[in-house]
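Chain by chain, the residues:
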Amino acid sequence: MDLHLDLDAGDGLRTGLERALREAVRSGRLATGMRLPATRRLAEDLDLSRGTVRAAYDQLIAEGYLTARQGSGTVVALRPQTAPAPTAVPAAVERPRHDLRPGSPDASAFPAAAWLESSRRAVAAAPAEAFSYGDPRGRPELRAALAGYLGRARGVSAHPDTIVITNGYLHGLTLLTAVIGGTFAMEDPGVSMHREAIRRTGARVISLPVDDRGARTDLLTGLGANAVEVTPAHQYPIGHTLHPDRRRTLLDWARSTCGLIIENDYDAEFRYDRKPVGALQGAAPDHVAYLGTTSKTLGPALRIGWMVLPHRLIDPIADARAHTDHHTENLGQLTLADLITRHAYDRHIRASRQRYLRRRDRLRSRLADLPITLTGIAAGLHALIPLSPDGPTETDVQTIAQARGLALGYLSDRSELPRTPQGVIIGYGRPPDHAYTPALDALATTFASLFPRPH
């Protein structure tokens with residue numbers, strides 16, 4: 001082991017070694033209980049005589065910094081004479097007792113056994129070059145698996161050569177922004193972090209209003225944008241599907257202006273009361289960059305996403321990727337490819353869909369006797385309760401919810417438009433199963449105190 005000792009031999013080699021070891025123990029850099037190298041090994045590493053090292057060890061043993069036992073070698077003493085100076089510890093972020101914030105699936109439902117099986121298979125079969133630097137576009141095994149999966153499950157027109165693997169949706173969005181630049185129209189309300197990420201690349205962001213038919217694509221012509229980000233399958237956070245007329249208007253805009261549509265298909269696999277809505281990309285592959293991720297289907301920790309790109313963007317995106325983080329880690333890509341090709345990914349999604357459907361139904365049932373409306377619940381992992389202007393406000397809800405240890409999402413936090421309607425966003429996907437019932441209890445009592453039941 002390397003100790004990285006900085007010897008000052010001004011007062012002699014032995015004294016310099018004693019001082020370096022003493023300070024390393026005092027500072028805590030050599031932790032209590034750590035076993036030190038044998039005297040012969042440390043002497044070779046530091047180009048000292050073994051007698052000098054033995055004498056330094058003996059001195060620090062006598063001072064109580066080190067201990068030596070037969071057969072155990074020399075270790076840092078359990079009770080060093082001088083304790084390291086205390087350092088400031090950042091305050092821990094307090095977690096809510098009941099967490100119904102939107103934007104996350106149930107992390108406890110990660111398919112660990114299936115992932116482990118695929119990981120073993122993938123690593124055993126991986127070629128040697130898979131353990132070296134990777135292609136900025138991603139592993140060919142995963143791109144081929146995704147091309148097949150996205151075609152049959154989402155109606156995406158994809159070929160392995162048009163797919164680029166990313167470290168999640170936000171990574172793909174910022175890569176696109178860096179390559180395209182200009183002005184981006186973004187749904188409002190939407191994801192505040194996405195707007196901020198685009199602005200940090202130097203691009204301009206303008207708001208595209210959303211109503212009960214989805215994004216107001218009829219306004220695009222007058223906004224002067226060269227790209228637009230939309231969530232057509234299940235708008236976040238309003239929860240509606242983009243109306244067919246507005247889908248056509250959006251595609252017409254892209255074709256007539258050579259503008260780019262960025263399709264965020266973040267939770268389209270979770271649909272309950274309607275037939276699946278195919279991806280917009282399938283209708284105009286040359287004008288749509290389709291972005292997906294495992295963040296909702298498997299878990300945010302994986303940091304694996306993908307882009308299906310128009311041909312004109314493949315090389316510029318790959319070049320930008322090569323000069324930033326270079327590539328997504330290979331072993332996770334190989335594991336996901338195996339998970340998809342043996343259909344374990346499909347089985348997990350089907351099981352998750354049923355679990356989240358049951359949760360949604362329990363949420364709806366628990367609030368059914370209150371004078372409130374749940375919207376956007378035909379798909380996804382969240383529901384919206386719109387608040388009327390003459391009733392309780394978001395602040396009223398938040399005050400009572402926080403007193404009960406309940407965390408929720410709020411519509412106004414996700415908008416930059418003036419006079420944004422208020423509403424409460426309930427993420428029923430996040431809690432583990434054992435925590436969902438008490439979270440629903442806290443939610444029901446919160447709303448019951450604000451919305452008296454009709455007589």
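Residues numbered from 1 in each chain as written. Predicted model: local features only at pLDDT ≥ 70, side-chain atom pairs only at ≥ 80, totals over all residues. Heavy atoms only, no water.

## Section: the packing of helix α12 (residues 394-403) against helix α13 (residues 433-450)
Where α12 meets α13, the closest approach of the two axes is 10 Å, and the angle between their N-to-C directions is 135°. In terms of orientation, α12 and α13 fall into the oblique class. For the element pair α12 and α13, the recorded crossing hand is right-handed. Together, Asp396, Val397, Ile400 and Ala401 of α12 and Thr446, Phe447, Ser449 and Leu450 of α13 make up the contact between the two elements. Among the residues making up the contact of α12 with α13, the classes are represented as five nonpolar, two polar and one charged. (Axes fitted to C-alpha atoms, helices over the stretch in contact; angles between N-to-C directions. Helix = DSSP H or I, 4+ residues; strand = E, 2+ residues; numbered from the N terminus. Parallel < 35°, antiparallel > 145°, perpendicular 65-115°, else oblique. Left-handed = near helix turned anticlockwise from the far one by under 90°. Contact = heavy atoms within 4.5 Å. Nonpolar A, V, L, I, M, F, W, Y, C, P; charged D, E, K, R; others polar.)

## Notes on unusual backbone geometry
The omega angle of the peptide bond from aspartate 188 to proline 189 is 10°, so this bond is cis rather than trans. Cis peptide bonds are those with omega within 30 degrees of zero, and the linkage from tyrosine 236 to proline 237 qualifies with 10°. Examined against the element boundaries, proline 237 turns out to sit in the loop between β8 (227-230) and α8 (244-257). Positive phi values are uncommon outside glycine, yet aspartate 47 reaches one of about 60°. Judged by its relative accessible area of 69%, aspartate 47 is exposed. Phi angles above zero are rare outside glycine, and histidine 343 is one such case at about 65°. Within the secondary structure, histidine 343 is located in the loop between α10 (330-341) and α11 (344-366). Relative accessible area serves as the criterion here: at 41%, histidine 343 is assigned to the partly exposed category. (Buried < 20%, exposed > 50% of the residue type's maximum accessible area, 1.4 Å probe, protein only.)

## Concerning the layout of surface pockets
Its volume calculated, the largest pocket comes out at about 560 Å³. Forming the walls of the largest pocket are 19 residues, and the residues nearest its centre are Gly103, Val191, Met193, His194 and Lys296. At three residues, helix α7 (residues 192-200) tops the list of elements feeding residues into the lining of the largest pocket. In the lining of the largest pocket, the residues fall into eight nonpolar, eight polar and three charged. Of the pockets and cavities examined, the second largest pocket occupies roughly 310 Å³. Along the walls of the second largest pocket sit 18 residues, with Pro189, Val210, Ile238, Leu411 and Pro421 positioned nearest its centre. (1 Å grid on protein atoms, 1.4 Å probe; cavity = no way out; pocket = protein on both sides within 12 Å on 5 of 7 lines; lining within 4 Å. Points joined across faces, edges and corners; volume = space filled by probe spheres on them.)

## Thoughts on the packing of aromatic side chains
What describes a pair of aromatic rings is the distance from one ring centre to the other and the angle between the planes of the rings. Overall, the coordinates contain five aromatic pairs when judged by the stated rule. Pairing phenylalanine 270 with tyrosine 356 gives two aromatic rings, centres 5.3 Å apart and planes at 85°, and the pair type is edge-to-face. With phenylalanine 270 in the loop between β9 (260-264) and β10 (288-293) and tyrosine 356 in helix α11, the pair connects residues that are 86 residues apart, well separated along the chain. Each member of the pair phenylalanine 270 and tyrosine 356 is classed as buried. (Phe/Tyr/Trp six-rings, centres within 6.5 Å; stacked < 30°, edge-to-face > 60°.)

## So, α8
The first and last C-alpha atoms of α8 sit 20 Å apart over 14 residues, in line with the 20 Å expected at 1.5 Å per residue. All of the buried residues along α8 are Arg246, Arg247, Leu250, Leu251, Trp253 and Ala254. One face of α8 carries all of its buried residues, which in axial projection span an arc of 155°. On its buried face, α8 sits against β6 (204-211), β7 (214-215), β8, β9 and β10. Taken from the residues just after α8, cysteine 258 is the one with a positive phi, measuring 60°. (Expected span 1.5 Å × (residues − 1). Arc of directions from axis to C-beta.)

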